[in-house]
Amino acid sequence: MHHEYENCMLCPRKCGADRTSGRGYCGATSETRVARIMLHEWEEPCISGTRGSGAVFFSGCNLRCSYCQNRSISFAVTGRAPTDRELADEFLSLAAKGAHNINLVTATPYLPAVISALADAKARGLDVPVVYNTGGYETEDAVRALAPLVDVWLPDFKYASSALAAKYSHAADYPETAFAAISLMVSLAGAPVFGADGMIKRGVIVRHLVLPGCREDSAEVVRRIASLGTDRVLLSLMRQYTPEFADESCDLKRRVTAFEYNSVLREAAALGLRGYSQSASSATSAYTPDFGSGLTQV
């Protein structure tokens, strides 16, 4: 048992829940919950490569995005409950099966267990990069705690507007909180480093999902990302907003238009940002993993 769960302050919510006897804002208890483990082929090319990224999808989330495509595990905390040692075993197993990296998806609710498992796996020979795949809503303390163990940071930067952050993710402080966390990630990781095979070994890739009707906010997001140094951060500009995942409270009922997406893409290019873009065909549920079977072995 990790004592940090007794008065949980692990994320910016700082909800103070005693997760040994209940749940935090994220929905998590003191048990680590993993919804799926897989070789993931649909991440950025420098992460998925030819063999897949060793993705570990954790259940629970400190954001409440009304359009979340992983709602079945972010809102409903499901899956098996591995011990720290068993989690480390899974990391090593993924590497042994050829994963280019270990890709920790929304792991922050279980930060103490994840740090313990990573340290164990590395002590036992884990030698592939560790990717921290996060919604961006992190404390600077969490980033510093993870820094000795994480090679590649893969945060979202969802909004520049506090009003949009409050409306769609119930986190009015998201813009400044995420920007501070991402700034620290860039400072700690430095400029992106790639191997001879084109796979990223170290660095920061910031994802931004363009939302319908929000292109001006998206343009401000990419300006803030560029302010971190266009030679120090990569942008992954996403077009995969899928209205089928939106709940009844969400008024974003259509896909992003070509004009909206391309206008943000042009802004990023004008700023000198490098990175990745998506085609319109990405806006489909086909790219969302099936979480119905719980923890799935590769």
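Everything below is about the structure shown above.
Residues numbered from 1 in each chain as written. Predicted model: local features only at pLDDT ≥ 70, side-chain atom pairs only at ≥ 80, totals over all residues. Heavy atoms only, no water.

**Structural notes on the pairing of strand 5 (residues 152-155)**
Phase 1: The two faces of strand 5 match: V152 and L154 on one face and W153 and P155 on the other face are all buried.
Phase 2: What joins strand 4 (residues 130-134) to strand 5 is helix 5 (residues 140-146), and the crossover it makes is right-handed.
Phase 3: Note: strand 5 against strand 7 (residues 200-209), two bridges, orientation parallel. Note on strand 7: the bridge partner recorded for V152 is G203. (Buried < 20%, exposed > 50% of the residue type's maximum accessible area, 1.4 Å probe, protein only. Helix = DSSP H or I, 4+ residues; strand = E, 2+ residues; numbered from the N terminus. Right-handed = clockwise from strand over helix to strand, strands pointing away. Pairing = 2+ DSSP bridges.)

**Some words on the nonpolar core**
Phase 1: Core analysis: the biggest nonpolar cluster contains 78 residues, and V56, F58, Y67, F91, L104, W153 and Y174 have the highest contact counts within it.
Phase 2: Counting residues per element, this core draws most heavily on helix 7 (residues 174-189), at eight residues.
Phase 3: Grouped together as the second largest cluster of nonpolar side chains are eight residues, I47, V131, V152 and L234 included. (Core = buried A, V, L, I, M, F, W, Y, C linked by side-chain atoms within 4.5 Å.)

**Points about helix 8 (residues 215-226)**
Phase 1: The end-to-end C-alpha distance of helix 8, which contains 12 residues, comes to 16 Å, matching closely the 16 Å that a straight helix rising 1.5 Å per residue would cover.
Phase 2: When we look at burial in helix 8, the residues that qualify are D217, S218, A219, V221, V222, I225 and A226. (Expected span 1.5 Å × (residues − 1).)

**Topic: the side chain of R207**
Phase 1: Tracing the sequence through the fold places R207 in strand 7.
Phase 2: For R207, the contacting residues outside a window of four places in its chain are E43, E44, N133, L154, P155, D156, F157, S236 and M238. (Contact = heavy atoms within 4.5 Å.)

**Some words on the pairing of strand 2 (residues 53-58)**
Phase 1: Of all six residues in strand 2, six are buried; the element is thus mostly enclosed.
Phase 2: Burial of strand 2 is two-sided: the residues S53, A55 and F57 facing one way and the residues G54, V56 and F58 facing the other way are all buried.
Phase 3: Here strand 2 runs beside strand 3 (residues 102-105); their pairing, made up of four bridges, is parallel. The partner of A55 across the bridge, within strand 3, is N103.

**Re the packing of helix 8 against helix 9 (residues 258-271)**
Phase 1: At their nearest, the axes of helix 8 and helix 9 sit 9 Å apart, and the two run at 20° to each other. It follows that helix 8 is roughly parallel to helix 9 by the angle criterion. Between helix 8 and helix 9 lies a crossing of right-handed hand. Counting all contacts with helix 8, which are made through R215, S218, A219, V222, R223 and A226, the residues of helix 9 involved are F259, E260, S263, V264, E267, A268 and L271.
Phase 2: A breakdown of the residues in the contact of helix 8 with helix 9 according to their chemical character gives seven nonpolar, two polar and four charged. (Axes fitted to C-alpha atoms, helices over the stretch in contact; angles between N-to-C directions. Parallel < 35°, antiparallel > 145°, perpendicular 65-115°, else oblique. Left-handed = near helix turned anticlockwise from the far one by under 90°. Nonpolar A, V, L, I, M, F, W, Y, C, P; charged D, E, K, R; others polar.)

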